[in-house]
Amino acid sequence: MSTTRERAERLLRWYPRAWRERYGEEFAELLVADIEERPRSAARTLDVARAALTARLAMAGLTESPVPGGTLANPAQASLGALCAALGLCLALSAAMWSQLAIAWRWAPRAFSPQAALGGELATLASAAVLAFLALAALAVIPVGLAVARHFTRRLAAPALVLAAAVTVLALGGHHFIYQWPGTGGAAGQGALLPAIPSGFLAFTWSLTYWFSSTWWHWSSLSALNPQDLAWMAASPVALVTAVAAAVTLVRRAELPPRLLAYETRIAALACAVAGILVAGGGAWVFSGRPPGPAQGGLAHAGLTDSAATALLALALAAACRARETALRTLRRRASR
Amino acid sequence: MPKRDGDDGAVLAGFGRYAGPATLILSSLADGPKHGYALTKDVEEFAGVRLAPGTLYEALSRLESQGLIEALEPAERRRPYRLTAVGAAALRAHLDAQRRVTDTGLRRLKTNWGTA
């Protein structure tokens, strides 16, 4: 049986470190007194869990709740960091689902029935949405990169190096595995749906998102892969997460002017709208069980992985919208001072 | 921090769902500095409301960041908090506004329902 203090310490661990450093000791004292008075209280546990979650969301820049003094040098940039992570996840999942579907569309018969025509339009819309997302990502990243380069300090060196290393791994690995699957062999197939998209670009996107596969859930398929493929399936998501984490750290630490932050929130609004289209498309695909296009059955069948990815995509979009709102409110409050 | 004296009444209203706990805490601290547990017991005694630990510290953190209260040096791992002049002004303005609502409600009850 744990002591009262141990129980208090356990509850305290739910809070972020910066919060614990400021309030931890006094809060633990209060918890000890409260536990001694009311040994069993589900309401207290729920209250602490809710408050700790709020504190963590505040540290992540997802709410405007106050954080211990000096912990966040710039709350708007913390929100922008959260926005960067959420939209990065949206882009990665969208690109993964789209590259698989797009390859299936390329291999679909050129002439398809009139009933599939609407599906064809949806396929084009999904492709346009992913390309728009990529363009918006470039529009968001370039000015931040320039601002980081202009005001480069030693604090930015480590995340910049990690980001460069992770991007290099992704670029080299993506290039190495680009034509590992017959479907990405560079042949255009018979489909004429995506004439504007070079097959090499499609194959590279597929290669970068090689980890997005139901192979993980089938031991026989997994064991049949050669060690190189398996290593890339495991390493590429790690590199991707590392790149996003390093980018978030850069955004939080860099000296970004308010005008640039306001510009980023406007780009984010457009990106959220595009991500909304992709969530709707993913949802339609998962719920109908059929791909939004003329692709044939098995090649683009929506499975458990796609359902989970669509749910995660929707959650990431909700987090992105929340982070954008928080950033906007923080910027407006700062401007009104 | 409020910019003008006229903003005092709006400070606590801006706390949203934390306005209730914030008013109780400021009212308790109006009597002198207190640490977390003493605050909980005092509020329970004068308002009949028990502030849960998580809610109490969320409100304390907001009040401190707005400059309405300030933390004093800890004594035996317990840190007392004190009402600031800005906090006193904000509490006075908020309670005055609440009193106007209370007085109006009681007057209308007396006129139309014969009770007060």
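Residues numbered from 1 in each chain as written. Chains lettered and ligands numbered in written order. Predicted model: local features only at pLDDT ≥ 70, side-chain atom pairs only at ≥ 80, totals over all residues.

Focus on the interface of chain A and chain B
Part 1: Each side of the interface is counted separately: chain A has 18 residues, and chain B has 16 residues.
Part 2: The greatest single-element share of the side of chain A that touches chain B, amounting to nine residues, is contributed by helix 2 (residues 17-37) of chain A. (Contact = placed C-beta atoms within 7 Å. Helix = DSSP H or I, 4+ residues; strand = E, 2+ residues; numbered from the N terminus.)

Some thoughts on unusual backbone geometry
If a residue is not glycine, its phi is most likely negative; likewise, a peptide bond is most likely trans.
All names here are of chain B.
Part 1: The backbone of glutamate 76 shows a phi angle near 50°, a positive value even though the residue is not glycine.
Part 2: For glutamate 76, the position within the fold is in the loop between strand 1 (69-71) and strand 2 (81-83).
Part 3: What makes glutamate 76 exposed here is the crowd of 7 C-beta atoms within 10 Å.
Part 4: The phi dihedral of arginine 77 falls on the positive side, at around 65°, and the residue is not glycine.
Part 5: Along the polypeptide, arginine 77 turns up in the loop between strand 1 and strand 2. (Buried ≥ 20, exposed ≤ 12 C-beta atoms within 10 Å, placed from the backbone.)

Regarding helix 4 (residues 53-65) of chain B
All names here are of chain B.
Part 1: Here helix 4 spans 18 Å end to end across 13 residues, near enough to the 18 Å set by a 1.5 Å rise per residue.
Part 2: When you tally the buried positions in helix 4, you get 11 out of 13 residues, the bulk of the element.
Part 3: Along helix 4, the positions that sit buried rather than exposed are Pro53, Gly54, Leu56, Tyr57, Glu58, Ala59, Leu60, Ser61, Arg62, Leu63 and Glu64.
Part 4: Taken from the residues just after helix 4, glycine 67 is the one with a positive phi, measuring 75°. (Expected span 1.5 Å × (residues − 1).)

Examining the nonpolar core
All names here are of chain A.
Part 1: Leu83, Ala86, Leu87, Cys90, Ala275 and Ala320 are the most contacted members of the largest nonpolar core, which has 112 residues in total.
Part 2: Among the elements that make up this core, the one with the highest residue count is helix 4 (residues 75-106) (23 residues).
Part 3: Taken domain by domain, the makeup of this core includes at least three residues from each of domain 1 (4-59) and domain 2 (75-336).
Part 4: Leaving out residues up to four positions away in the same chain, alanine 275 has contacts with Leu87, Cys90, Phe133, Leu317 and Ala320. (Core = buried A, V, L, I, M, F, W, Y, C linked by C-beta atoms within 7 Å. Domains from an automatic or database assignment.)

Some words on the packing of helix 1 (residues 4-12) of chain A against helix 2 of chain A
Residues and elements named next belong to chain A.
Part 1: Interhelical geometry of helix 1 versus helix 2 gives an angle of 135° and a closest axis separation of 9 Å. As judged from the angle between their axes, helix 1 and helix 2 are oblique. For the element pair helix 1 and helix 2, the recorded crossing hand is right-handed. Across the interface between the two elements, Thr4, Arg5, Arg7, Ala8, Glu9, Leu11 and Leu12 from helix 1 touch Arg20, Gly24, Phe27, Ala28, Leu31, Val32, Ile35 and Glu36 from helix 2. (Axes fitted to C-alpha atoms, helices over the stretch in contact; angles between N-to-C directions. Parallel < 35°, antiparallel > 145°, perpendicular 65-115°, else oblique. Left-handed = near helix turned anticlockwise from the far one by under 90°.)

Remarks on the confidence of the model for chain A
Residues and elements named next belong to chain A.
Part 1: The predicted model of chain A averages 84 in pLDDT, with 84% of residues at 70 or higher.
Part 2: Note that residues 111-115 has pLDDT below 50 and, in this model, two contacts with residues that lie over four places away or in other chains.
Part 3: In the model, residues 186-193 has pLDDT below 50 throughout and makes 21 contacts with residues more than four positions away in sequence or in other chains. (pLDDT = per-residue confidence, 0-100.)

Describing the confidence of the model for chain B
All names here are of chain B.
Part 1: Here chain B shows a mean pLDDT of 87. Residues at 70 or above account for 88%.
Part 2: The secondary-structure element of chain B with the lowest mean pLDDT is helix 1 (residues 8-13), recorded at 67, while strand 2 shows the highest, at 96.
Part 3: In this model, residues 1-6 is a region of pLDDT below 50 whose contacts with residues beyond four sequence positions or in other chains number eight contacts.

Brief notes about the environment of alanine 239 of chain A
All names here are of chain A.
Part 1: Relative to the assigned elements, alanine 239 resides in helix 9 (residues 227-253).
Part 2: Look at alanine 239 and you get buried, because 22 C-beta atoms sit within 10 Å.
Part 3: Along the backbone, alanine 239 and leucine 312 are 73 residues apart, and their C-alpha atoms lie at a distance of 19 Å.
Part 4: Filtering out sequence-adjacent residues up to four positions away, alanine 239 remains in contact with Ala166, Val169 and Leu170.

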